[in-house]
Amino acid sequence: MALLKAARAADVPTLDVVAPGLVVEAGTATASASAAVAMVKSGAAAEGGGRFSVIGHRGKGMNALASADPRMQEVRENTVRSFNDAARFPVDYVEFDVQVTKDGCPIIFHDNFIFTQQDGKISQKRVTDINLEDFLQYGPQNEQGKVGKPLLRRLKDGRMVNWNVQSEDALCTLQEAFEKVSPRLGFNVELKFDDSLEYQEEELTRILQAILKVISEHAKDRPILFSSFQPDAAQLMRKLQGTYPVYFLTNGGTELYTDVRRNSLEEAVKLCLASGMQGIVSEARGIFRHPGAVPKIKEANLSLLTYGTLNNVPEAVYMQHLMGVNGVIVDLVPEITDAVSELIALPEPDVEVDNLSNQAARGDTTPNFSQREISFLLKLIPELVQ
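All of these numbers come straight from a predicted model, not from anything done at the bench.

This brings us to the nonpolar core. Formed by 78 residues in total, the largest nonpolar core has its most connected members in Phe96, Phe187, Ile211, Ile215, Ile224, Phe226 and Ile280. Per-element tally for this core: the top contributor is helix H6 (residues 201–218), with eight residues. Non-local contacts of Ile215, meaning those with residues more than four positions away in its chain, are made with Leu174, Phe178, Ile224, Phe226 and Tyr244. Core analysis: the second largest hydrophobic core is formed by 14 residues, Leu65, Ile130, Tyr138 and Trp163 among them.

Here you go:
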């Protein structure tokens, strides 16, 4: 029997990127939890199959500069150092955000704008409006003795803070990641676009082809999967190549958008089936609020991953495994990989990481929980989802 590593919901780090308005009434959460148990009893969890995967969010974890938890400022996110730090733990992939600079170079950076301070004034530039040389001048520098521009970050509440972490590293390109990161790690490449902008197909094609060029030249045998919140970009990436799986990223109905394709798990399934995509990455709250969507996703032969702050709570991760989720994207890589150590196997350095798109063909690893243990997990769900 898998050993639970207890954690209180109150211990979850307060992240500065949590989407607002995610409130679920306790009654709704309880009903969702009951549905989850029904799925487990009916064998729906077994339909997912495959070894459970843990994926490092932006490497060993994102930087939450508003959090009081020092683990959230441990190492600079989306850097070679963060990726290799994650590789010391049994994760299959690291997830990171890729944008393309004005001069056509794919770089790894999450935010739409990059900020610095010059002569006492804050300066901002859109990442995709600057050239590679300018981008690499921000923050820590690889060249000894060279000092980069101070790097600031704007939080969700509008506050501007110094982007300081305990273990620094320079900003990097997608090519550098392929060249310098442990070859045993797969890459979950999030195709990053600005929700406030409209993109024409010609522009999307230019951006995606720049990314594919780097991958075709440097990927070698490294497992790769693409994901994107931008429906048109996800569809186009599936059309442009058939080598690597494409997953659609969704909030799972926890936020509403003008584009209806982004507003529910049901719409995500429709988009994937219409476009030939291989999987969905949902906010974990969306899965807990709508557990009945999980067997429908499995029936559609789609893989299912989740992200979000609930994935830093071991009990929530265990429950998702019981529900049939194939893997979780997490910030607290050491803690979560330790907590679910019996559900995952440490990959050997010379063994190729399995592709998540092929998980349905492998055996099930669902742990054998007693009814009492499942009841314990369910009691946590209402508090966690709220």
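Of all the positions in helix H8 (residues 265–275), only Leu265, Ala268, Val269, Leu271, Cys272 and Ser275 are classed as buried. Considered in projection along H8, the buried side chains sweep an arc of 165 degrees and stay on one side of the axis. Of the exposed residues in H8, the ones pointing more than 90 degrees away from its buried face are Lys270, Leu273 and Ala274. Summarising the contacts, the buried residues of H8 are in contact with helix H7 (231–240), strand E11 (246–250), strand E12 (279–283), helix H9 (284–289) and helix H10 (293–299). Just downstream of H8 lies Gly276, where phi reads positive at about 80 degrees.

Right, let's get into the confidence of the model for the protein. Overall, the predicted model of the protein reaches an average pLDDT of 84, with 76% of residues at or above 70. Low confidence marks residues 349–353, where pLDDT is under 50. Its contacts with residues over four positions away, or in another chain, come to seven contacts. Counted against residues more than four places away or in other chains, residues 359–366, with its pLDDT under 50, gives 26 contacts.

Below, the discussion takes up the environment of Asp195. Relative to the helices and strands, Asp195 is located in the loop between strand E9 (186–191) and H6. Between the C-alpha atom of Asp195 and that of Phe229, which follows or precedes it by 34 residues, the distance is 8.8 Å. Apart from the residues lying within four places of it in its own chain, the contact partners of Asp195 are Tyr257 and Arg262. There is a polar contact of 3.0 Å between the side chain of Asp195 and the side chain of Arg262.

Here we come to the environment of Arg238. Inspection of the secondary structure puts Arg238 in helix H7. For Arg238, a relative accessible area of 24% corresponds to the partly exposed category. Placed twelve residues apart in sequence, Arg238 and Phe226 show a C-alpha to C-alpha distance of 9.0 Å. Once residues lying within four places of it in the same chain are set aside, the contact partners of Arg238 are Val246, Ser275, Gly276, Met277 and Gln278. A distance of 2.5 Å separates the side chain of Arg238 from the backbone oxygen of Gly276, its partner in a polar contact.

Moving on: the side chain of Thr173. Within the fold, Thr173 resides in strand E8 (residues 172–173). Overall, the relative accessible area of 8% leaves Thr173 in the buried class. Ignoring any residue separated from it by four or fewer positions in sequence, one finds Thr173 in contact with Cys105, Pro106, Ile107, Ile108 and Leu132.

Time to look at the pattern of salt bridges. Under the counting rule described, the total for this entry stands at 19 salt bridges. Put simply, Glu217 and Lys213 hold a salt bridge, and the shortest N to O gap is 2.8 Å. Taken as a pair, Glu217 and Lys213 lie in helix H6 at a separation of four residues, close to a single helical turn. Among the charged side chains, a network of salt bridges with common partners joins Arg58, Glu77, Asp97, Asp111 and Arg153.

Criteria and cut-off values
Going along each chain's sequence as written, the residues are numbered from 1 onward. Reporting of local features is limited, given that this is a predicted model, to residues whose pLDDT is at least 70; pairs of side-chain atoms are given and counted only at 80 or more, and all residues count toward the totals for whole chains, interfaces and linings. Hydrogens are left out, water is left out, and the side-chain values use all remaining heavy atoms of the structure. Throughout this description, the term nonpolar core refers to a set of buried Ala, Val, Leu, Ile, Met, Phe, Trp, Tyr and Cys residues connected via side-chain atoms within 4.5 Å. Summary of the burial criterion: residues with accessible area below 20% of their type's maximum are buried, those above 50% are exposed, and those between are partly exposed, where the area comes from a 1.4 Å probe applied to protein chains only. Secondary structure elements are taken from DSSP: a helix is a run of H or I of four residues or more, a strand is a run of E of two residues or more, and numbering for both begins at the N terminus. Two residues qualify as a contact provided that any one of their heavy atoms is within 4.5 Å of a heavy atom in the partner residue. To obtain the arc, one takes the directions from the helix axis to the C-beta atoms. Think of pLDDT as the predictor's per-residue confidence, scored from 0 to 100. We call two N or O atoms a polar contact when they sit within 3.5 Å, provided that within protein one can donate a hydrogen and the other can accept it, with sequence-adjacent residues counted only if both atoms are side-chain atoms. We define a salt bridge as a contact between a side-chain nitrogen of Lys or Arg and a carboxyl oxygen of Asp or Glu at a distance within 4 Å.

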